[in-house]
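Below are the chains, spelled out letter by letter.
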Amino acid sequence: MKDHLTPRSISTLLEWYRTNRRDLPWRNTQDPYRIWLSEIMLQQTRVEAVKPYYARFLETCPDVEALAELPEDRLMKLWEGLGYYSRARNLQKAAKTVMAEYGGEMPRTYDDLRRLSGIGDYTAGAIASIAFGERVPAIDGNVLRVLARVCGSYEDIAKPDTKKKWQQELTPLIPEEAGDFTQSLIELGATVCVPNGEAKCGECPLAHCCVAAKKGLCDELPVKSAKKPRRIEKITVLLIRDGDRTALRKRPDRGLLAGLYELPNVSGHLGEDAMPAYIRSIGFEPLRIERIDDARHIFTHVEWHMIAYSVRIAPEFDGYHGASGLLLVQNDDLHQKYAIPSAFSAYKNFL
Ligand code: ADE
């Protein structure tokens, strides 16, 4: 790697970053808490999607202490729609550790950061370099793409060993401006050295030292082995309402979408003829049942294929339906208090 990323090409990269960097909210701060939050939100998530969440989150939780003390349902509501909800849980778990073990001050080294919940090699490297100037690498998928192309490497970037190898090779090359170096590689991967062979080599500060640019290999590199196909789950979703209340259910504390609220649903695609008996079996009297739109939602490892029914039930007096674990929630509360994942967004229009 050192033959490609020479001190001179690194200076060119840093200069390019300083003139071309996007003005992003988390780039106008040295506060490690803010940098940490941004890096967690940016995992698997586009910059434009993160911006409004980042701003709203900081209004409610301006510091580690506020995050550590935020009630779970409010935390989930702040994260609603951003996906990968375990990120939010780990963030709070780590905030509690920072309060208990570091007196509320974020740890300042890669090694200490790496021990916190939800902080892996990449995130520890990003925070330590950007907030504290430690000369450590931060290699995510975008940076892997840049390095594979610059070095003309055919190693499979989906393999953990490949990342380890790049970390070791990059570490001795990191300049004193470690934070800008981290961000310059991220920025290059996000705006110039983009995926699917569409790299803008004409604008790239590293084109002069890049094997893929010189040999026209950007559509071949990086090599990334295919993931195994997603499992498909058929689900029947129920919009159960009595007047202005809708039935919700809290998901279990573990697994997919843990602790979030969902529209009640059953595994499999139930026919309309099976619905009245099913609705009675969960303790409600159905007055009208109507099939509504189908929807799909794609998670990392699973795909939900949903059919749905709108079910009008006889008025209930109780808000909590003990036997079925369902809550009947006023529609205003449903929008303001309960975090309902985007998997159900096709049905939010009906609420
Ligand atoms: N993706 C991950 N980290 C980022 C950052 N600091 N700026 C922009 N995009 C990013």
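None of the values given here were measured: they were computed from a predicted structure. (Residues numbered from 1 in each chain as written. Predicted model: local features only at pLDDT ≥ 70, side-chain atom pairs only at ≥ 80, totals over all residues. Heavy atoms only, no water.)

### Brief notes about the side chain of Asp242
Turning to step 1, where the next piece is worked out: Residue position: Asp242 is located in strand β1 (residues 231–242).
Turning to step 2, where the next piece is worked out: A distance of 3.1 Å separates polar atoms of two side chains, one belonging to Asp242 and the other to Arg245.
Turning to step 3, where the next piece is worked out: If near-sequence neighbours (up to four positions away) are discounted, Asp242 is found in contact with Arg312, Ile313, Ala314, Pro315, Glu316 and Leu328. (Helix = DSSP H or I, 4+ residues; strand = E, 2+ residues; numbered from the N terminus. Polar contact = N/O pair within 3.5 Å; in protein donor to acceptor, adjacent residues only side chain to side chain. Contact = heavy atoms within 4.5 Å.)

### What to know about the domain arrangement of the protein
Turning to step 1, where the next piece is worked out: According to the domain assignment, the protein consists of domain 1 (7–215) and domain 2 (231–350).
Turning to step 2, where the next piece is worked out: In this structure, domain 1 and domain 2 have C-alpha centres spaced 37 Å apart.
Turning to step 3, where the next piece is worked out: For the pair domain 1 and domain 2, the two sides together bury roughly 860 Å², of which 44% comes from carbon and sulfur.
Turning to step 4, where the next piece is worked out: Here domain 1 and domain 2 share three salt bridges between them.
Turning to step 5, where the next piece is worked out: Among the ionic pairs, Lys348 bridges to Glu80, the shortest N-O distance being 3.3 Å.
Turning to step 6, where the next piece is worked out: Where domain 1 touches domain 2, the interface holds seven residue pairs in polar contact (both at pLDDT 80 or more).
Turning to step 7, where the next piece is worked out: Top element by residues in the side of domain 1 that touches domain 2 is helix α5 (residues 72–79). It accounts for four residues.
Turning to step 8, where the next piece is worked out: Of the residues contributing to the side of domain 1 that touches domain 2, the split by class is three nonpolar, one polar and five charged. (Domains from an automatic or database assignment. Buried area = accessible area lost by both parts, 1.4 Å probe. Salt bridge = Lys/Arg side-chain N within 4 Å of Asp/Glu carboxyl O. Nonpolar A, V, L, I, M, F, W, Y, C, P; charged D, E, K, R; others polar.)

### Looking at the packing of α5 against helix α6 (residues 86–102)
Turning to step 1, where the next piece is worked out: At their nearest, the axes of α5 and α6 sit 10 Å apart, and the two run at 130 degrees to each other. It follows from the interaxial angle that α5 and α6 lie oblique. Crossing hand, α5 versus α6: right-handed. Counted together, Glu72, Leu75, Met76 and Trp79 of α5 and Arg87, Ala88, Arg89, Leu91 and Gln92 of α6 form the full contact between these two elements. (Axes fitted to C-alpha atoms, helices over the stretch in contact; angles between N-to-C directions. Parallel < 35°, antiparallel > 145°, perpendicular 65-115°, else oblique. Left-handed = near helix turned anticlockwise from the far one by under 90°.)

### As for the packing of helix α2 (residues 32–42) against helix α8 (residues 121–132)
Turning to step 1, where the next piece is worked out: Contact geometry for α2 and α8: axes closest at 9 Å, N-to-C directions at 145 degrees. Both α2 and α8 take part in a crossing whose hand is right-handed. For the pair α2 and α8, the contacting residues are Pro32, Ile35, Trp36, Glu39 and Ile40 in the first and Tyr122, Thr123, Ala126, Ile127, Ile130, Ala131 and Phe132 in the second.
Turning to step 2, where the next piece is worked out: Residue composition of the contact of α2 with α8, grouped by class: 10 nonpolar, one polar and one charged.

### Describing the site of the ligand
Turning to step 1, where the next piece is worked out: The local shell around the ligand consists of Leu24, Trp26, Arg27, Glu39, Leu42, Val47, Tyr122, Gln183 and Ile186.
Turning to step 2, where the next piece is worked out: Take Glu39: an N or O atom from its side chain is 2.8 Å from a nitrogen atom of the ligand.
Turning to step 3, where the next piece is worked out: The side chain of Tyr122 places a nitrogen or oxygen atom 3.2 Å from a nitrogen atom of the ligand.
Turning to step 4, where the next piece is worked out: When isolated, the ligand has an accessible area of 260 Å², and the protein chains bury 93% of it.
Turning to step 5, where the next piece is worked out: Of all the secondary-structure elements, those providing two or more residues to the shell around the ligand are α2 and α11 (178–191).
Turning to step 6, where the next piece is worked out: Of the residues that constitute the shell around the ligand, the class distribution is six nonpolar, one polar and two charged. (Near = heavy atom within 4 Å. Areas by Shrake-Rupley, 256 points an atom, 1.4 Å probe, with all protein chains shown as cover.)

### Quick notes on the layout of surface pockets
Turning to step 1, where the next piece is worked out: Considered as a void within the structure, the second largest pocket measures approximately 600 Å³ in volume.
Turning to step 2, where the next piece is worked out: Together, 27 residues line the second largest pocket, and Tyr84, Tyr85, Leu256, Leu257 and Phe299 are the ones closest to its centre.
Turning to step 3, where the next piece is worked out: Among the residues making up the lining of the second largest pocket, the classes are represented as 12 nonpolar, 10 polar and five charged.
Turning to step 4, where the next piece is worked out: In terms of domain composition, the lining of the second largest pocket takes at least three residues from each of domain 1 (7–215) and domain 2 (231–350). (1 Å grid on protein atoms, 1.4 Å probe; cavity = no way out; pocket = protein on both sides within 12 Å on 5 of 7 lines; lining within 4 Å. Points joined across faces, edges and corners; volume = space filled by probe spheres on them.)

### Considerations on the pairing of strand β2 (residues 245–250)
Turning to step 1, where the next piece is worked out: Sheet topology places β1 next to β2; two bridges connect them, and they run antiparallel. Residue pairing across strands places Arg241 opposite Thr246, the latter belonging to β2.
Turning to step 2, where the next piece is worked out: Hairpin connection from β1 to β2: two residues lie between these consecutive antiparallel strands, with Gly243 at a positive phi of about 60 degrees.
Turning to step 3, where the next piece is worked out: One ladder, built from two bridges, connects β2 with strand β3 (residues 261–262); its direction is antiparallel. Bridge assignment links Arg249 to a residue of β3, and that residue is Glu262. (Pairing = 2+ DSSP bridges.)

### Concerning the nonpolar core
Turning to step 1, where the next piece is worked out: Within the largest apolar cluster, 105 residues are counted, with the highest numbers of intra-cluster contacts made by Trp36, Met41, Phe57, Trp79, Trp304 and Tyr347.
Turning to step 2, where the next piece is worked out: There are two domains that each give this core at least three residues, and those are domain 1 (7–215) and domain 2 (231–350).
Turning to step 3, where the next piece is worked out: When residues no more than four places from it in sequence are discounted, the contact partners of Met41 are Val50, Tyr53, Tyr54, Phe57, Trp79, Leu82 and Arg87. (Core = buried A, V, L, I, M, F, W, Y, C linked by side-chain atoms within 4.5 Å. Buried < 20%, exposed > 50% of the residue type's maximum accessible area, 1.4 Å probe, protein only.)

### Concerning the pattern of salt bridges
Turning to step 1, where the next piece is worked out: Under the defined criterion, the tally for this structure stands at 24 salt bridges.
Turning to step 2, where the next piece is worked out: Residue Lys250 pairs with Glu72 through a salt bridge whose shortest N-O separation is 3.5 Å. Of this pair, Lys250 sits in strand β2 while Glu72 sits in helix α5, placing them 178 residues apart in sequence.
Turning to step 3, where the next piece is worked out: Between Asp121 and Arg114 there is a salt bridge whose closest N-O contact spans 2.6 Å.

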